[in-house]
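For reference, the chains in residue letters:
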Amino acid sequence: MNKNIWRCECGGLLDLEFDARFPLKEITKRKETLWRYREALPVEDDANIVSFDEGFTPLISVHFNQRNVLIKEDHLFPSGSFKDRGATVMVSKVKEIGVNRIVEDSSGNAGAALAAYAARAHILCDIFVPDYTSEGKLVQIRAYGMNLTKVKGSREDTSSEAMKFAAKYYYASHYWNPFFFHGTKTFSFEVCEQLGWKSPDTLILPVGNGSLLIGVYIGFQELMRENIIEKIPRFIGVQPENCAPLACSFKKGLNTIIPIEKKPTIAEGIMIANPIRGVQILNIVRESNGDFIEVSEEEIIEALKEMIAMGFYIEPTSAATIAGVKKYLPRSSSGEVIVSTFTGHGLKTTETLSKIF
Ligand SMILES: *Cc1c(COP(=O)(O)O)cnc(C)c1O
């Protein structure tokens, strides 16, 4: 697909059909970046790759009450969150199709990631954010030299403003644009390689719009299709109690997303009341025999304090996932290989952290 489109002509979601290949011997000889999976990334010409040599983040073992969980340290990306996985592939593709101005809406981190890669590619980028976004993320977007527009109202109001504006340019959305997911899928390739080309048993991931969870699922599917691994792990999605539309639908056995009344949460990065790809996410979690876990504000703050006391400087949204890990552990079996992640760096949210500490 080399056309300047980001959704189907019918207005619906677009997904990419793509045959990923994994020449393992060559892969292991390459630089330790996410671009080592070159044959699995849908960019045609190497000359279009926009990269900081990112990825291949450490998979570190962390103790929780006598149990070990493997945590992918994705807060260590160049712009400070896992969104760089999606941004490096999507912005490379944008360059390949010859677009020079892109538009995105974000609660902060996706905007910061896109702004960083746009700067590296000499592309202009317009980022729309809700006016409650952390100042650290806003400064970052402006500092990269990109246009920033704050929108009053809900996260959804921000999206519709961005989509209107994007009619003139290219909507490089981290939840509409399929190329973003073909970047976040590298999480799975790295985890499998770090486990000796094996799948973990269980993945515990945050879910807002699903830009990580859906990408990770695509990654495991591609590895299965090429017979690199033997199974797809169980997917556990974590949402804040104050904004948990998917967890609610899942528990009710529904296959639609019912609008919820959301309350503010300290996990601003996953405060998504109406996820566009919600049905896709529900299906992944169901098919994998997974589940959703809801975490309270108190549980998020407790997990945040605990992680930072261990030296992991993460942002509150990341701590929500860890709160989910802690709730999941009592029902895990011994020997179960569990992988989770730190999604965003604490330096992004100095204001919030200064209120807590
Ligand atoms: C974006 C983000 C998430 C969740 O991602 P979704 O794509 O909305 O599911 C989790 N943590 C952090 C820090 C993020 O920036």
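Not measured: the values here are computed from a predicted model. (Residues numbered from 1 in each chain as written. Predicted model: local features only at pLDDT ≥ 70, side-chain atom pairs only at ≥ 80, totals over all residues. Heavy atoms only, no water.)

A.B. asks: Looking at this structure, how should I read the overall build of the protein chain?
C.D. replies: Broken down by element type, the protein chain carries 13 helices and 10 strands. A globule of 357 residues ought to have a C-alpha radius of gyration of about 21 Å, and the protein chain, at 19 Å, matches this closely. On the principal axes, the C-alpha backbone points of the protein chain span a range of 50 × 50 × 40 Å. Taken across its 357 residues, the protein chain has 61% of its residues classed as buried. Put simply, 71% of the contacts in the protein chain that link residues at least 6 apart link residues at least 24 apart. For the protein chain, the exposed area adds up to about 14,100 Å²; of that, 50% sits on carbon and sulfur atoms. Charge centroids of the protein chain, computed over 41 positive and 44 negative side chains, lie 1 Å from each other. (Helix = DSSP H or I, 4+ residues; strand = E, 2+ residues; numbered from the N terminus. Rg over C-alpha atoms; globule rule 2.2 N^0.38 Å. Buried < 20%, exposed > 50% of the residue type's maximum accessible area, 1.4 Å probe, protein only. Contact = heavy atoms within 4.5 Å. Areas by Shrake-Rupley, 256 points an atom, 1.4 Å probe, with all protein chains shown as cover. Lys, Arg positive; Asp, Glu negative; His and termini not counted. Charge placed at Lys NZ, Arg CZ, Asp CG, Glu CD.)

A.B. asks: Mind showing me how you'd approach the site of the ligand here?
C.D. replies: Taken together, 15 residues form the shell around the ligand, and within it K83, N109, N209, G210 and S211 come nearest. Between the ligand and G210 there is a distance of 2.7 Å, counted from an oxygen atom to a backbone nitrogen or oxygen. Taken together, the residues of the shell around the ligand break down into 5 nonpolar, 8 polar and 2 charged. (Near = heavy atom within 4 Å. Polar contact = N/O pair within 3.5 Å; in protein donor to acceptor, adjacent residues only side chain to side chain. Nonpolar A, V, L, I, M, F, W, Y, C, P; charged D, E, K, R; others polar.)

A.B. asks: Looking at this model, I keep getting lost on the packing of helix α2 (residues 83-96) against helix α3 (residues 109-121). Mind explaining?
C.D. replies: Axes are the key here: two packed helices are described by the angle between their axes and the distance separating the axes. One way to put it is that α2 packs onto α3 with a least axis distance of 9 Å and a crossing angle of 40 degrees. The angle between the axes of α2 and α3 places the two elements in the oblique class. Of the two possible hands of crossing, α2 and α3 adopt the one that is right-handed. Contacts between α2 and α3 involve K83, D84, A87, T88, M90 and V91 from the first element and N109, A110, A113, L114, Y117, A118 and A121 from the second. (Axes fitted to C-alpha atoms, helices over the stretch in contact; angles between N-to-C directions. Parallel < 35°, antiparallel > 145°, perpendicular 65-115°, else oblique. Left-handed = near helix turned anticlockwise from the far one by under 90°.)

A.B. asks: So what exactly am I meant to see when it comes to the pattern of salt bridges here?
C.D. replies: A side chain with one charge can pair with a side chain of the opposite charge if their charged atoms come near. Going through the model one piece at a time under the given rule, you end up with 25 salt bridges. Residue K31 is joined to D53 by a salt bridge in which the shortest nitrogen-to-oxygen separation is 2.9 Å. Placement of K31 in the loop between α1 (24-29) and β1 (59-64) and of D53 in the loop between α1 and β1 is noted, with a sequence separation of 22 residues between them. D53 gets classed as partly exposed once you look at its relative accessible area, which sits at 43%. The partner of K327 in a salt bridge is E299, and the shortest N-O contact between them spans 3.1 Å. With K327 in helix α12 (residues 316-328) and E299 in helix α11 (residues 297-309), this residue pair connects regions lying 28 residues apart in the sequence. (Salt bridge = Lys/Arg side-chain N within 4 Å of Asp/Glu carboxyl O.)

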